[in-house]
Amino acid sequence: MRASKETIEVLQQLKDENYEVVNMESEESLGESTPWIINGLVGLAAWLSAILGLFFVFLQRFNFFENKFILTILGFSFIVGAMFVMNSLKKSIFVSQITLAFCILGEIFAMIGIGQISESVSITIGLNVLIQIFIIYNFKSSIHRLLSVPAIIASLLILVGYLEIPFLGNIILLFMVVLLGYLWLNKEMCMSSFLGNFYNPIIHGLTISFIVLLLIAFGTNSSFSSEYFIVWLATLYIVSLMIYYEIRLMKAHHIEILSWVGIFIMILTVLFGVVTLQSPGILAAILIFTLSFNQRNTFIMVVSFIALILYSILYYYNMEVTLLIKSIILMSCGVFFLIAKFTLSRMGGEIN
Amino acid sequence: MIDMKVSKTGHELFELAKEKKIDKLGLSRGLELMRFYPSKSEWKKMISTLLLFGGVAFLITGTIFFFAYNWQELTKYTKFLLIEVALILSTVVVLWKNPVSIIGKACLITSIMLVGVMLAVFGQVYQTGADSYALFVSWAFLISGWVFVSEFLPIWMGYIALINLASSLYWNQMMSDFSFIKFFQILILINIFFLVLFEVLKIKGTHWINGRWFPRVLTAWIYLCFSLGMINLIGEYEFFRDNDLAALLLLLMFVTGLGITFYYYQHIKDITILGFALLSFIIIFTFLMVKLGAGLLFLALIVLVQGGSAGWWLNKLNAEWRRD
């Protein structure tokens, strides 16, 4: 991607204001971005051929697959080899996709091997978390960094279920909410620090994991959710972050927090939290949608919007009332939304 | 809802900060200068649009659920009265506000959906026993006029999806000698018609035809139909037993598909559409190799070579087009 004309203009203005900036005339090849279709096409081919090749190897029935030590060593060799290739060779989509496939393959081999050697779920999963953290730091692949985050969250959840510690899920959830809030609200600081290289994949991975976790934990009436998660606590975390975010937004837009608009927004958030107490995903999706809107991140906006639709469907599906009552609730919500829309249009002057 | 230019510039500034080409203070000031963070009016517009379309979506789903409940207390006349009053009201708002305004579009979507509800209730009340394709065909026919005046691509996309659905159901329910090859031919023809219509209107400078998402979605669907049709032809077809003419037509259509790809390559320069075409070709060619009895390792190699060359060529092309 060449720096756009607008970016060069902004940089010139920064230079005029005596900020330290790079000379963009000589930096035309900054951060070249490849269209998603090319990445997707090459990635698909690399993955499909890796899987087909793997099937071929498995069908040959080599003896080393039955030896847990060799399997572990093979797994780690794949990981290290993939890292070496990825970090030392010239950046190419094809090489990065092939190394990604081999790295993940190596992780699977290593986990199977370690599981067989240790014969302990907690040791295997604990090691997986460490390996993922190591890979995030050392393997320069945005896709793997993105995938490592849900892998860590999933490992922690399996550990929670395996250790049978009640309501430990809520601690993981609290950790995720705090981390999400910190990362979304401090992007400028993170991108300017050593976190810059990891920021985008980690925030995307964490946000998607959060959405999926809420769906698993509260979208279904499984025993897993009732044993390891407290629904009202989850709603409380999300409402708290939402209110904190609203306060920051109001400050940024010079709106008095204790003005009627400020108080109205916060009361509305709490009321919404009470109404959707059993389904925290709805408020979480709205929160993520607004956070991504503020950062102009269209990808997460679309993801959170789809999540919002999904959570809303589940909310109505799980309501223990007749279809007639559900339809009346839906229509009332529709009327309420439209009234809110026209009220907002009318009081536009006061907000501005 | 989002200004893509501002979004792109902002992300470029973040990239520069990541590569330590500007510091945090410079980044903050740069984002402020380009108004990266949405203003109060942008927030208001976003919330207002969401409330409008959310409200309409809730009203429509509520109405569908209400009639799906088939409340026995309501007489058939009351049911029709309720739907028709709602239909008239939303259509009056469309006429009052103009179909191209945001409220007009929301009400037009409501009217379009209410026509579907009315047809479903008609079937429910009179137990017509008609095949389900009849409902979708009537629905598509009745809303055609509104779609033509809507000047709104999402409504067009919904309309095309409805026509595809109606055609699929018709083919499934009415054709005794159901053939996948013919089925995909029909779908390809329908969608090529709309694709050509879009491009002609775009070339003529029609103001509401903008962006590339519409032809991309359509071509993705067309190439999927091509791929499935060709896979069916390769996998199931037996010479001299099946309809050779249908197979020949499909092959001709595939050549047409290549023609479309060439057009996009030469004139429109849309890398995404070229990518769809190559993906379709890779799928068909790999399936042909499977049919010819290729082994796993050979298949892995073939996929690798095809994907690698396609990616290399597209990347090269993309760089060339950018330089231009």
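Coordinates for the structure precede this section.
Residues numbered from 1 in each chain as written. Chains lettered and ligands numbered in written order. Predicted model: local features only at pLDDT ≥ 70, side-chain atom pairs only at ≥ 80, totals over all residues. Heavy atoms only, no water.

A short note on the overall build of chain B
Selection rule: Each helix corresponds to a stretch of at least 4 residues labelled H or I by DSSP, and each strand to a stretch of at least 2 residues labelled E; elements are numbered beginning at the N terminus. Between the two quantities, the radius of gyration covers C-alpha atoms and the globule rule is 2.2 Å times the number of residues to the power 0.38. To sort residues, take the accessible area from a 1.4 Å probe on protein chains only and compare it with the maximum for the residue type: under 20% means buried, over 50% means exposed, and anything in between is partly exposed. Residues count as neighbours in contact if any of their non-hydrogen atoms are within 4.5 Å of one another. Computed with a 1.4 Å probe, the accessible areas rest on the Shrake-Rupley method; for each residue, only the protein chains presented here act as cover. By the counting rule applied here, Lys and Arg register as positive and Asp and Glu as negative, while His and the ends of each chain are not counted. Charge positions are represented by NZ for Lys, CZ for Arg, CG for Asp and CD for Glu.
Per the secondary structure count, chain B includes 12 helices and zero strands. From first element to last, N terminus to C terminus, chain B shows the α and β order α-α-α-α-α-α-α-α-α-α-α-α. Scaling as 2.2 N^0.38, a compact globule of 324 residues should have a C-alpha radius of gyration of about 20 Å, whereas chain B reaches 25 Å, well beyond that. Considered along the principal axes of its C-alpha atoms, chain B spans approximately 75 × 65 × 40 Å. The buried share among the 324 residues of chain B stands at 45%. For chain B, the proportion of contacts with a sequence separation of at least 24, taken over those separated by at least 6, is 67%. For chain B, the accessible surface area stands at approximately 16700 Å², while carbon and sulfur atoms represent 69% of it. One way to put it: in chain B the 26 positive side-chain charges average out to a point 9 Å from where the 20 negative ones average out.

A short note on the overall build of chain A
Scanning chain A from terminus to terminus reveals 16 helices and zero strands. Considering only C-alpha atoms, chain A reaches an extent of 75 × 60 × 30 Å along its principal axes. Burial analysis of chain A (352 residues in total) assigns 46% to the buried set. Counting every atom, chain A has about 18100 Å² of accessible surface; 71% of that belongs to carbon and sulfur. Taking the average location of the 16 positive side-chain charges in chain A and that of its 19 negative ones, the two points are 5 Å from each other.

Description of the interface of chain A and chain B
We apply this condition: By convention, the term buried area covers the 1.4 Å-probe accessible surface removed from two parts as they join, with the contributions of both added. One side-chain nitrogen of Lys or Arg within 4 Å of one carboxyl oxygen of Asp or Glu is enough to make a salt bridge. Counted as a polar contact is a pair of N or O atoms within 3.5 Å, where, for protein atoms, one must be capable of donating a hydrogen and the other of accepting one, and residues adjacent in sequence contribute only when both atoms are in side chains. Classification convention: Asp, Glu, Lys, Arg as charged; Ala, Val, Leu, Ile, Met, Phe, Trp, Tyr, Cys, Pro as nonpolar; all other residues, Gly among them, as polar.
The partner chain B presents 83 residues to the 85 residues of chain A that form the contact. Summed over both partners, the interface of chain A with chain B buries about 7400 Å², with 74% contributed by carbon and sulfur atoms. For chain A, the biggest contributors to the area lost against chain B are Glu188(A), Phe293(A) and Arg296(A); these three give 12% of the whole. Applying the counting criterion to the chain A and chain B interface returns two salt bridges. Close ionic contact of Glu42(B) with Arg296(A) constitutes a salt bridge, the shortest N to O distance being 3.2 Å. Linking chain A to chain B there are 11 residue pairs in polar contact (both at pLDDT 80 or more). Across the side of chain A that touches chain B, the residue classes tally to 50 nonpolar, 25 polar and 10 charged.

Points about a nonpolar patch on the surface
Residue and element names in this part refer to chain A. Note the cut-off: Within the patch definition used here, like charges are joined within 9 Å and nonpolar side chains (Val, Leu, Ile, Met, Phe, Trp, Tyr) within 5 Å, considering only residues with over 30% relative accessible area and no salt bridge.
Taken together, the side chains of Val-121, Ile-158, Tyr-162, Leu-163 and Ile-165 make up a nonpolar region of the molecular surface, amounting to roughly 430 Å² of accessible area. If you tally residues by element for the nonpolar patch, the top one is helix α6 (residues 142-163), at three residues. Overall, Tyr-162 belongs to the partly exposed group, its relative accessible area being 45%.

Structural notes on the pattern of salt bridges
Residues and elements named next belong to chain B. Under the definition given, this model contains nine salt bridges over all chains. A salt bridge links Glu-199 to Arg-212; the shortest N-O distance between them is 3.4 Å. Here Glu-199, found in helix α8 (residues 180-203), pairs with Arg-212, found in the loop between α8 and α9 (213-236); they are 13 residues apart in sequence, far enough to count as distant. Within this structure, Glu-199, Arg-212, Arg-216 and Asp-270 form a network of salt bridges that share partners.

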